[in-house]
Structure formats: C-alpha cells, structure tokens
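Analysis of the macromolecular model
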Amino acid sequence: MSKISGSCLCGAVKYSAPVEPVVVALCHCTHCQRQSGAAFSVNVGIPKGSLQFSAGQPATYQDTGGSGLPVYRHFCRDCGSPIFSDVVASPQLDWLKAGTLTDTSWVKPAVIVWCESAQPWVAYPEGVPRFARNPPAAA
Ligand SMILES: [Zn+2]
Ligand SMILES: [Zn+2]
C-alpha cells in the first residue's frame, strides 16, 4: 500500500495517492494554527493533483497565503478535519495534513517554516532546518 493513504476523523473522506512523499514540513503560520486548532501543522508535500478520493470529496475554503496568492484548504464537510492544502505559491506540491494518514510511522520533519509565529514553548527537533517564514526556494 502507498504511504499516502488515509481518511478524515469520521471516515466520510478517504484518499490515497500512488506517489512517494517529497518533503515533510512543520508549519507554524497563524493560519495553520487556526485551521488545525493546534500549535502547528505537519504538512506532507506530495506531487500536486495526485490525491485520489475513494470516498467523499472534501469541501474547500479559499484562504490567502503569506505570498498573497490563494491557498485552497480542503477539509471534510462532515467532521471538519483538514485534509490537504493546494498552495498556489507552490506549483509542484500539494500539502497533505499528516495526522490524517493511516500510517504515520515514516513521517519525519525535514524543514520547519514560519517560526516567527511559533508558540514560545515549542521545542524544535534537533538538526532540522528552520526558517522565519517560507524557505527561499519553496512555499
Ligand atoms: Zn470527516
Ligand atoms: Zn502554515
């Protein structure tokens, strides 16, 4: 089974993608904090458009990213779980919410972004590059 397989909390939305994850990014931006209800989001970058839905179709909220470009935040309309974000400023990748994966055992952060708005008590994993906002070459 693909690493990229999972569902929302209620199970109305189920997805998979026959791809390898590209990167795992922890995002401390205020929008991820608000949307997730948590201190930060764990976002898995996967090739854009590769998610296939075997059940349900997520609803979409059009947000605006730090770039000023749209961020389409897709979530379960029944239970509200965030599923993935289509960030227009990152044309190669969609950003899947790691907590929705069936198997999270392989998830390891490779980059940490938007540290300027991180909660002051957050402890960062050692040896993972950190950026105040987005890294120079990604979104
Ligand atoms: Zn749901
Ligand atoms: Zn964010």
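Residues numbered from 1 in each chain as written. Chains lettered and ligands numbered in written order. Predicted model: local features only at pLDDT ≥ 70, side-chain atom pairs only at ≥ 80, totals over all residues. Heavy atoms only, no water.

To continue, consider the sheet that holds strand β1 (residues 4–7). Strands sit in the order β1-β2-β5 across an open sheet of three strands; the sheet is antiparallel. The sheet is open, and its two borders are formed by β1 and β5 (52–55), each paired with just one other strand. Adjacent strand axes in the sheet meet at a mean angle of 20°, parallel and antiparallel pairs treated alike. Note that strand β2 (residues 14–17) and β5 share three bridges and pair antiparallel. Looking at β5, one finds that Lys 14 is bridged to Ala 55. (Pairing = 2+ DSSP bridges. Helix = DSSP H or I, 4+ residues; strand = E, 2+ residues; numbered from the N terminus. Axes fitted to C-alpha atoms, helices over the stretch in contact; angles between N-to-C directions.)

A word on the pattern of salt bridges. Counting across every chain of the model gives five salt bridges. Residue Lys 48 pairs with Asp 86 through a salt bridge whose shortest N-O separation is 2.5 Å. Taken together, the residues span a long stretch of sequence, with Lys 48 in the loop between β4 (41–47) and β5 and Asp 86 in strand β8 (residues 82–87) at a distance of 38 residues. Judged by its relative accessible area of 30%, Lys 48 falls in the partly exposed class. Looking at Asp 86, the relative accessible area reads 22%, which means it is partly exposed. Close ionic contact of Glu 116 with Arg 133 constitutes a salt bridge, the shortest N to O distance being 2.9 Å. Of this pair, Glu 116 sits in the segment after β10 (111–113) while Arg 133 sits in the segment after β10, placing them 17 residues apart in sequence. (Salt bridge = Lys/Arg side-chain N within 4 Å of Asp/Glu carboxyl O. Buried < 20%, exposed > 50% of the residue type's maximum accessible area, 1.4 Å probe, protein only.)

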